[in-house]
Amino acid sequence: MTVESTAARKPRRSAGSKTGTTRTTAQSADAPAVDAPATAAKRVTAKRAATKKPAAKPAATGADPDLVQLLTPEGRRVKNAAYDPYVAALTSDELRGLYRDMVLTRRFDAEATSLQRQGELGLWASLLGQEAAQIGSGRATRPDDYVFPTYREHGVAWCRDVDPTNLLGMFRGVNNGGWDPSINNFHLYTIVIGSQTLHATGYAMGVAKDGADSAVVAYFGDGASSQGDVAESFTFASVYNAPVVFFCQNNQWAISEPTERQTRVPLYQRAQGYGFPGVRVDGNDVLAVLAVTRWALERARRGEGPTLVEAFTYRMGDHTTSDDASRYRHDDERVAWEAKDPIARLRTYLEASNHAEEGFFAELEAESESLGRRVREVVRAMPDPDPFAMFEHTYADGHALVDEERAQFAAYQASFADVEEA
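Residues numbered from 1 in each chain as written. Predicted model: local features only at pLDDT ≥ 70, side-chain atom pairs only at ≥ 80, totals over all residues. Heavy atoms only, no water.

**A closer look at the overall build of the protein chain**
Heads up, the rule is: Every helix listed is a DSSP run of H or I at least four residues long, and every strand listed is a run of E at least two residues long, numbered separately from the N terminus. Burial classification: accessible surface area is computed with a 1.4 Å probe over protein chains only, and a residue below 20% of its type maximum counts as buried, one above 50% as exposed, and the rest as partly exposed. The contact rule is simple, with two residues in contact once any of their heavy atoms fall within 4.5 Å. Here, Shrake-Rupley sampling with a 1.4 Å probe gives the accessible areas, and only protein chains in the shown set may cover a residue.
In terms of regular secondary structure, the protein chain is built from 13 helices and eight strands. The 422 residues of the protein chain split such that 49% are buried. Counting contacts in the protein chain only where the partners sit at least 6 residues apart, residues at least 24 apart contribute 77% of the total. A total of about 20,000 Å² of accessible surface is found on the protein chain, and carbon and sulfur atoms cover 53% of it.

Next up, the structure:
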């Protein structure tokens, strides 16, 4: 398998989908190097101007002025005075490390998808295309920070040193998580859409009361941004100045609904209504994501409150393996995003700037295949869970009703043995 390949199937696109980014006037009053928000007078002027015949549009530059980008899709490094300092000290080893993280995460993800297709997993949510958003933000965290993921943050789990095979137990149905959150400060996957933002906000409020200088990161998607839980977490985080970074991976599709069905303005601008900064970053640019997330985390640790980071990226695969994205997306949309592949652009930069030689890529290819084999072997060797384990972790000191339920369940299980003996 080629570790840089994207996916096998090219889907169609519905009439309501989009391919480009939304241009806006400002990111946040508190973010580095941004414009001031539009005044009421400017809005009135704009409204009047809209009634006139529109002037000819200027030639497109191909760049979104509100999208923080340090590495173009062609792999060319561009300067950004506000965010360059956050990645200026990266060494060649660290740059290669970011590339390795993305390649191995993609390889693991591809193997998990294949295992589900073979019946070894019940379900899988692929991160294909979102590697830079996850690796860049994950590598920006410190060990004492705490992360609250959704169910797709396999790259962030990798950065938090969670063994990738531990992610698969839940999807195989042999456990309810597979790792101890307190060891890696990486919470268990959350299936309920958006609820983890409340958990993260409450945890961050506790961090602030404890006087610690660590920060909290809450991951969610563009679809989850429409949930009431997310709005409530924004309110509490702002009012209580919680040290939390809300990291939204806008992958353009909330299952089969495009982003324009979630919001009338760019997602990062929602932060303005809650009184904290919002920033849109190129989610396929691992350097930009790393820089912006470092800035947001440092801001939180200084006691300056929450930040909303919108990583503008794309879900290259289906929503999950139970989905068929070809029913609502068109081929040309995917092709346009394939040209922005996060792994390909970093490799181009590494080669052009002499940060990596061919031997590095060959060794990584072999390492990725080894990872794939290990994942297959571990998953197929996973033992079935003890059916009575669910009763052991409900109450710390036991409970009469749980004891009764355990006995009823034991009798139910025993009834199968009687049928087999007969």
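**Quick notes on the nonpolar core**
To be explicit about the condition: In plain words, nonpolar cores are sets of buried Ala, Val, Leu, Ile, Met, Phe, Trp, Tyr and Cys residues tied together by side-chain atoms within 4.5 Å.
In this structure, Y83, Y99, L168, L287 and L346 are the most contacted members of the largest nonpolar core, which totals 70 residues. If you tally residues by element for this core, the top one is helix α9 (residues 286-301), at eleven residues. Every residue in contact with L287, bar those within four places of it in the chain, is listed here: L70, L71, R77, V87, L90, L95, L98 and Y349. Counting 21 residues, the second-largest nonpolar core is a separate cluster that includes A200, A224, V230 and L267.

**Quick word on a nonpolar patch on the surface**
Just so we agree on the cut-off: Here a patch means residues that are over 30% exposed by relative accessible area and free of salt bridges, tied together within 9 Å if like-charged and within 5 Å if nonpolar (Val, Leu, Ile, Met, Phe, Trp, Tyr). By definition here, a salt bridge exists when the distance from a side-chain nitrogen of Lys or Arg to a carboxyl oxygen of Asp or Glu is within 4 Å.
Together, F236, V239 and Y240 give the surface a local cluster of nonpolar side chains, amounting to about 340 Å² of exposed area. When you line up the elements, F236 lands in helix α8 (residues 228-239).

**Structural notes on the sheet that holds strand β7 (residues 278-282)**
Heads up, the condition is: Any two strands are treated as partners once DSSP identifies two or more bridges connecting them.
Here we have six strands laid out as an open sheet, ordered β1-β7-β8-β4-β3-β2, and parallel in their pairing. Only two strands of the sheet have a single partner each, and these edge strands are β1 (67-68) and β2 (146-148). For β7 and strand β8 (residues 307-312), the ladder comprises five bridges, and the chain directions are parallel. Across the sheet, the residue bridging to V281 is A311, located in β8.

**Things to note about helix α7 (residues 195-210)**
To be explicit about the condition: By this rule, a helix spans an expected 1.5 Å times one less than how many residues it contains.
Between its first and last C-alpha atoms α7 spans 23 Å; for 16 residues at 1.5 Å apiece the expected length is 22 Å, and the two agree. Considering only its buried residues, α7 is in contact with β2, β3 (216-221), α8 and β4 (244-250).

**Some remarks on unusual backbone geometry**
With a phi angle near 55 degrees, N241 is a residue other than glycine that sits in the positive phi range. Mapped onto the secondary structure, N241 falls in the loop between α8 and β4. Positive phi is not limited to glycine here, since N354 has a value of about 60 degrees.

**Here we look at the packing of aromatic side chains**
Heads up, the rule is: Stacked, edge-to-face and tilted are the three classes for Phe, Tyr and Trp ring pairs, Trp counted by its six-membered ring, which pair at centre distances within 6.5 Å; planes under 30 degrees apart are stacked, over 60 edge-to-face, the rest tilted. Whether a charge sits over a ring comes down to the Lys NZ or Arg CZ being within 6 Å of the ring centre and within 35 degrees of the ring normal.
Following the criterion strictly, the structure yields 30 aromatic pairs and no others. When the centroid spacing of 6.1 Å and the interplanar angle of 90 degrees are considered together, the rings of Y83 and W295 count as edge-to-face. Remark: W295 occurs in helix α9 and Y83 occurs in the loop between β1 and α2 (92-117); sequence separation between them is 212 residues. Judged on exposure class, the residue Y83 and its partner W295 are both buried. By the ring-pair criterion, three or more aromatic residues cluster together here, those being F108, W124, F171, W179, F186 and Y189. Sitting over the face of the ring of W337, K340 holds its NZ or CZ atom 4.1 Å from the ring centroid. The ring of F361 carries R347 above its face, with NZ or CZ at 3.8 Å from the centroid.

**Some words on the pattern of salt bridges**
On inspection of all chains with the given rule, the structure shows 27 salt bridges. Of the charged contacts in the structure, one is a salt bridge between R139 and D101, with a shortest N-O distance of 2.8 Å. Highlighted residues: R139 in the loop between α3 (131-138) and β2 and D101 in helix α2, separated in sequence by 38 residues. Taking relative accessible area as the criterion, R139 reaches 33% and is therefore assigned partly exposed.

**Remarks on the confidence of the model for the protein chain**
For clarity, the threshold we go by: pLDDT runs from 0 to 100 and stands for how confident the predictor is about each residue.
Averaged over the protein chain, the pLDDT score is 87; the fraction of residues at 70 or greater is 84%. In this model, residues 1-26 is a region of pLDDT below 50 whose contacts with residues beyond four sequence positions or in other chains number 92 contacts. The low-confidence segment residues 33-62, where pLDDT is below 50, has ten contacts with residues more than four positions distant or belonging to other chains.

**Focus: α2**
Here α2 spans 38 Å end to end across 26 residues, near enough to the 38 Å set by a 1.5 Å rise per residue. Positive backbone phi, at 90 degrees, marks G119, one or two positions downstream of α2.

**Re empty space enclosed by the protein**
Heads up, the condition is: Method remark: on a 1 Å grid restricted to protein atoms, a set of points is classed as a cavity if a 1.4 Å probe fits but cannot get out and as a pocket if it is open with protein on both sides within 12 Å along at least five of seven lines; lining residues have an atom within 4 Å of a point. Grid points are joined across faces, edges and corners, and a volume is the space filled by probe spheres set on the points. Residue polarity is assigned by list, with Asp, Glu, Lys and Arg as charged and Ala, Val, Leu, Ile, Met, Phe, Trp, Tyr, Cys and Pro as nonpolar; anything else, Gly included, falls into the polar class.
On inspection of all chains with the given rule, the structure shows one cavity of 30 Å³ or more. Its volume calculated, the largest cavity comes out at about 50 Å³. Along its surface, the largest cavity is lined by F220, S225, V230, F234, C248, L267, R270 and L308. When its residues are assigned to classes, the lining of the largest cavity shows six nonpolar, one polar and one charged.

**Overview of the environment of D229**
Along the chain, D229 falls in helix α8. A residue is classified by how much of its surface remains accessible, and D229, at 24% relative accessible area, is partly exposed. Along the backbone, D229 and G194 are 35 residues apart, and their C-alpha atoms lie at a distance of 5.9 Å. If we ignore the near neighbours within four places in the chain, the residues touching D229 are G194, S195, T197 and L198.

**Comments concerning the packing of α7 against α8**
For clarity, the threshold we go by: Helix axes are fitted only over the stretch in contact, all axes being lines through C-alpha atoms; the angle between N-to-C directions runs from 0 to 180 degrees. Comment on the angle field: the value is read as roughly parallel under 35 degrees, roughly antiparallel over 145, roughly perpendicular from 65 to 115, and oblique elsewhere. The crossing is said to be left-handed when, going from far helix to near helix, the turn is anticlockwise and less than a right angle, and right-handed when the turn is clockwise.
Between α7 and α8, whose axes approach to 7 Å, the crossing angle comes to 15 degrees. For the element pair α7 / α8, the angle class is roughly parallel. The two elements α7 and α8 cross, and the hand of that crossing is left-handed. On α8, the residues touching S195, T197, L198, T201 and M205 of α7 are D229, V230, E232, S233, F236 and A237. A per-class count over the contact of α7 with α8 returns five nonpolar, four polar and two charged.

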